[in-house]
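Summary of the model geometry
Here is how the chains run, residue by residue.
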Amino acid sequence: MNIKISNPRTRINGDIRITGSKSESNRLLLLQALYPQIKIENLSNSDDSGVMQKALASGAEVADIHHAGTAMRFLTAFFATREGREVTLTGSKRMTERPIKILVDALKQLGAEITYVAEEGYPPLKIKGKRLEKNKVSLQANVSSQYISALLLIAPTLKNGLELTLEGKITSVPYIKMTLALLGEIGVTYSFEGNTIRVFPKEEVAPITLTVESDWSSASYFYSIVAMCEEGTEISLSAYKKASLQGDSVLAELYKSFGVETTFKANTVTLRKKGRHTAGDIRFDLANAPDIAQTIAVTCFGMGLGCHLTGLHTLKIKETDRLEALKTELSKLGASIKVTDAELFLEPSGAINKNVAIPTYNDHRMAMAFAPLGLKVPLVIEEAEVVSKSYPDFWKDLEKLHFQAETV
Ligand SMILES: O=C(O)C1=C[C@@H](OP(=O)(O)O)[C@@H](O)[C@H](O)C1
Ligand SMILES: C=C(OP(=O)(O)O)C(=O)O
């Protein structure tokens, strides 16, 4: 489905309720499979959480997790510990291009039995569940934090817990801290000092209900909309917590540079356009918040601002090569943009080219990051249904803000 998105308004007011964070949800679903006393509220309605639930509930020999990176990584660790079960874990074509060797090697160091079905280092995987006897492992920490979170999630079920040594510069750190914080909430003891994480064993968890905070990465698209509108624009989002476990909550800080003010009241955050953006180019290091890089690049372009974004080394192995995709699509719209393996440079720009269609590369965030540009110029978003990976209600929610989303 291709849709033409446009919104001639320059000032917008509205309230949106976003469902639970997919990162928190997929961690809690895994923990719930290990400790059934856990109850979860405000679970994400994303496809990624749907495939996670299905794979955990099914006793089938093959689990297909489609495009869901967290499900692939977390379930590799989970199935490796299921004694007596043999599962082939697979996903979409893109998933078979997303590396997993670092995690598989770490699990093998602990005693796991995992083999590659096709290409060495990539899914699909054949996993023969075993009792893992060892409790010390070191792994490279600069490629994806999901490998580390996967190990941490199974850690309290290992006989002697786990001691992880992280090598190299640790990337996407808030996601590791989120995993540890959730373990803490169910009563697991841990420490994270320097490059060593220790998790202590826990056999049982007391009955507990955990409420997932709504998704901050999804909130980013509304920050972008508010930034591109005039003063007087006000959008409220729920249900959020001031002390968030999600690193993408840094949006509240970063978007001050675009003239967006954030206020918290109970569980609602209100985004207000207040005055002008910072003078000069935007410079952000996004190593701790990689999922909002596309949103920020498009916000800058829509506002005519230049930017220099760093810490983007993980973007090449996500749903698509996000750096190349941004460069290709922003260039079509008239941007002057350069990318390296870890950085993006955008020149300040003027007019935006009309009659442009944006392919989405099987990447939900390509669709959602470009959609706010409909405020500046009507544009076509191809295969718009990709948004369901993390945010199935995205187009409906944009319509609540008077965007026109017409199937073409
Ligand atoms: O643990 C998580 O929930 C996630 C970690 C990040 O991945 P990397 O650690 O690979 O950067 C992030 O991009 C992804 O959307 C979700
Ligand atoms: C990178 C993402 O997800 P995952 O790695 O879990 O597929 C994302 O949602 O932007």
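Going along each chain's sequence as written, the residues are numbered from 1 onward. For naming, the first written chain is A and the first written ligand is 1, with later ones following in the order written. Per-residue local features of the predicted model are confined to residues with pLDDT of at least 70, and side-chain atom pairs are confined, for both listing and counting, to 80 or more; whole-chain, interface and lining totals are unaffected and use all residues.

1. Focus: the UniProt feature "active site" (unreviewed entry) in the protein
Put simply, the test is: UniProt positions are given in the numbering used here, feature names are shortened, and annotations may be inferred rather than shown by experiment. Numbering of helices and strands runs from the N terminus; a helix is a DSSP stretch of H or I covering at least four residues, while a strand is a stretch of E covering at least two. For the purpose of contact definition, each residue receives a C-beta atom placed from its backbone, and two residues are in contact when these atoms lie within 7 Å.
Mapped onto this numbering, the UniProt entry annotates "active site" (unreviewed entry) at Asp291. Relative to the elements of secondary structure, aspartate 291 occurs in the loop between strand 16 (282-285) and helix 9 (293-303). Among all residues touching aspartate 291, those that are not within four sequence positions of it are Ser217, Asp248 and Arg365.

2. Notes on the sheet that holds strand 1 (residues 3-6)
In plain terms, the rule: If DSSP finds at least two bridges between two strands, the strands pair.
Here four strands make up an open sheet; going across it, the order is 20-21-1-22 and the pairing mixed. Among the strands making up the open sheet, the edge pair consists of strand 20 (357-358) and strand 22 (404-407). With two bridges joining them, strand 20 and strand 21 (residues 379-381) adopt parallel strand pairing. Within strand 21, the position partnered with isoleucine 358 by the bridge is isoleucine 381.

3. So, unusual backbone geometry
Across the junction of proline 123 and proline 124, the peptide omega takes the value 0°, indicating a cis bond. Positionally, proline 124 belongs in the loop between strand 6 (113-116) and strand 7 (125-128). The omega torsion across serine 238 and alanine 239 is 5°, close enough to zero to call that bond cis. Inspection of the secondary structure assignment puts alanine 239 in the loop between strand 13 (234-238) and helix 8 (251-254). Of note in the backbone geometry, tyrosine 361 takes a positive phi value of approximately 55° without being a glycine. Along the chain, tyrosine 361 turns up in the loop between strand 20 and helix 11 (364-370). Not every positive phi belongs to a glycine, and glutamate 383 is a case in point at roughly 45°. Its location among the elements puts glutamate 383 in the loop between strand 21 and helix 12 (394-400).

4. Some thoughts on the site of ligand 2
Going by this rule: In this analysis a residue is considered near a molecule or strand if the C-beta atom, reconstructed from its backbone, is found within 6 Å of that molecule or strand. Asp, Glu, Lys and Arg are counted as charged, while Ala, Val, Leu, Ile, Met, Phe, Trp, Tyr, Cys and Pro are counted as nonpolar; the rest, among them Gly, fall into the polar class. Residue ranges assigned to the domains are those given by an automatic or database domain assignment.
Taken together, His67, Ala68, Gly69, Thr70, Asp291, Lys318, Glu319, Arg365 and Ser390 form the complete shell of residues around ligand 2. Its residues placed into classes, the shell around ligand 2 shows one nonpolar, four polar and four charged. In this structure, the shell around ligand 2 is formed jointly by two domains, domain 1 (3-19 + 214-407) and domain 2 (22-211), each of which donates at least three residues.

5. Let's talk about the sheet that holds strand 4 (residues 62-64)
Put simply, the rule is: Think of each axis as a best-fit line through the C-alpha atoms, taken over the contacting stretch in the case of a helix, with angles from 0 to 180 degrees between the N-to-C directions.
Pairing in this open sheet of four strands is mixed, and the strands run 4-5-7-6 from one edge to the other. Each having just a single partner strand, strand 4 and strand 6 make up the two edges of the open sheet. Within this sheet the neighbouring strands show an average axis-to-axis angle of 20°, counted without direction. Note: strand 4 against strand 5 (residues 86-90), three bridges, orientation parallel. What sits directly across from alanine 63, in strand 5, is leucine 89.

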